[in-house]
Amino acid sequence: MPIEATVNGKPVTFNAEPDTPLLWVIREELGMTGTKFGCGIAACGACSVHIDGEVMRSCSVPVSDIAGKSITTIEGLGNADGTLHALQAAWIEHQVPQCGYCQSGQLMAAAALLAASPKPSDEQIDAAMTNICRCGTYPRIRAAIHAVAGQA
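To keep things clear, this report deals only with the structure shown in the data block. (Residues numbered from 1 in each chain as written. Predicted model: local features only at pLDDT ≥ 70, side-chain atom pairs only at ≥ 80, totals over all residues. Heavy atoms only, no water.)

Here's the deal with the state of the cysteines
- Summed over the entire model, instances satisfying the criterion amount to 0 disulfides.
- Looking at the unpaired cysteine 39, the closest cysteine sulfur is the one in cysteine 44, lying at 3.8 Å.
- The closest cysteine sulfur to the non-disulfide-bonded cysteine 133 is located on cysteine 102, 3.9 Å from its own sulfur.
- A relative accessible area of 6% places cysteine 133 in the buried class. (Disulfide = S-S within 2.5 Å. Buried < 20%, exposed > 50% of the residue type's maximum accessible area, 1.4 Å probe, protein only.)

Pasting the structure below:
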């Protein structure tokens, strides 16, 4: 079934069964491997992307649900001129990544949080950042979010 959507600002058309998870289309059909497979049950957040500006776990979103929608992956988070998004720069400055596997999903969740709440409290960060980090870099994640929000 042909499905049309916008991915990282560009129109795309792909063929997939309606129940195919968006994650597999992003990785296998579109070749964008920054979005990671973690658990397959929408629990860990490694596969987080934005769909029409809302953070979603792409392993549990069937492609039939994204027709005509705008998807942003980690590859589309940075600026059009190739410079890093402020969160990506803060991630580096605060040495957030260790193994790095969860980081694309963490960044997408943090970007959605800041879009909805530009100066989040610690409680808002904790409520929004439900992605799992096996390395336990949660304090660094919080510091990086506060730095971008101007609260460092």
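Some words on the layout of surface pockets
- Approximately 160 Å³ is the volume found for the largest pocket.
- If you go around the largest pocket, the residues you meet are Gly38, Cys39, Cys44, Gly45, Ala46, Cys99, Tyr101, Cys102, Ile132, Cys133 and Arg134.
- Of the residues assigned to the lining of the largest pocket, the class counts are 8 nonpolar, 2 polar and 1 charged. (1 Å grid on protein atoms, 1.4 Å probe; cavity = no way out; pocket = protein on both sides within 12 Å on 5 of 7 lines; lining within 4 Å. Points joined across faces, edges and corners; volume = space filled by probe spheres on them. Nonpolar A, V, L, I, M, F, W, Y, C, P; charged D, E, K, R; others polar.)

Describing helix H1 (residues 22-29)
- Along H1, the residues that are buried comprise Leu22, Leu23, Val25 and Ile26.
- In this structure, the buried residues of H1 make contact with strand E2 (10-15), strand E3 (48-51) and strand E5 (70-72).
- In the stretch just after H1, glycine 31 is the one whose phi turns positive, near 70°. (Helix = DSSP H or I, 4+ residues; strand = E, 2+ residues; numbered from the N terminus. Contact = heavy atoms within 4.5 Å.)

Topic: the sheet that holds strand E4 (residues 54-57)
- As summarised here, the arrangement of the 5 strands in space is E2-E1-E5-E3-E4, forming an open sheet in which the pairing is mixed. Two strands close off the open sheet at either side, each with one partner strand: E2 and E4. Averaged over all neighbouring strand pairs, the angle between strand axes comes to 40°, with direction disregarded.
- Two elements, strand E1 (residues 2-7) and E5, share 2 bridges in a ladder whose sense is parallel. In the sheet register, valine 7 faces E5, and the bridge partner there is isoleucine 71.
- Contacts from H1 reach E2, E3 and E5, with the element oriented near 100° to E3. (Pairing = 2+ DSSP bridges. Axes fitted to C-alpha atoms, helices over the stretch in contact; angles between N-to-C directions.)

Notes on helix H3 (residues 103-116)
- The end-to-end C-alpha distance of H3 is 20 Å, a good match for the 20 Å that 14 residues give at a rise of 1.5 Å each.
- Burial runs high along H3: 12 of the 14 residues are buried.
- Restricting attention to buried positions, one finds in H3 the residues Gln103, Ser104, Gly105, Gln106, Leu107, Met108, Ala109, Ala110, Ala111, Ala112, Leu113 and Leu114.
- Turning to H3, the residues buried within the fold contact E3, E4, E5, helix H2 (86-93), helix H4 (122-128) and helix H5 (138-149). (Expected span 1.5 Å × (residues − 1).)

Notes on the environment of leucine 22
- For leucine 22, the location among the structural elements is in helix H1.
- We classify leucine 22 as buried; its relative accessible area is 2%.
- For the pair leucine 22 and cysteine 59, spaced 37 residues apart in sequence, the C-alpha to C-alpha distance is 6.2 Å.
- Excluding residues within four positions of it along the chain, leucine 22 makes contact with Val49, Ile51, Ser58, Val61, Val63, Ile66 and Ile71.

Without other data, these values stay purely geometric and don't point to any function.
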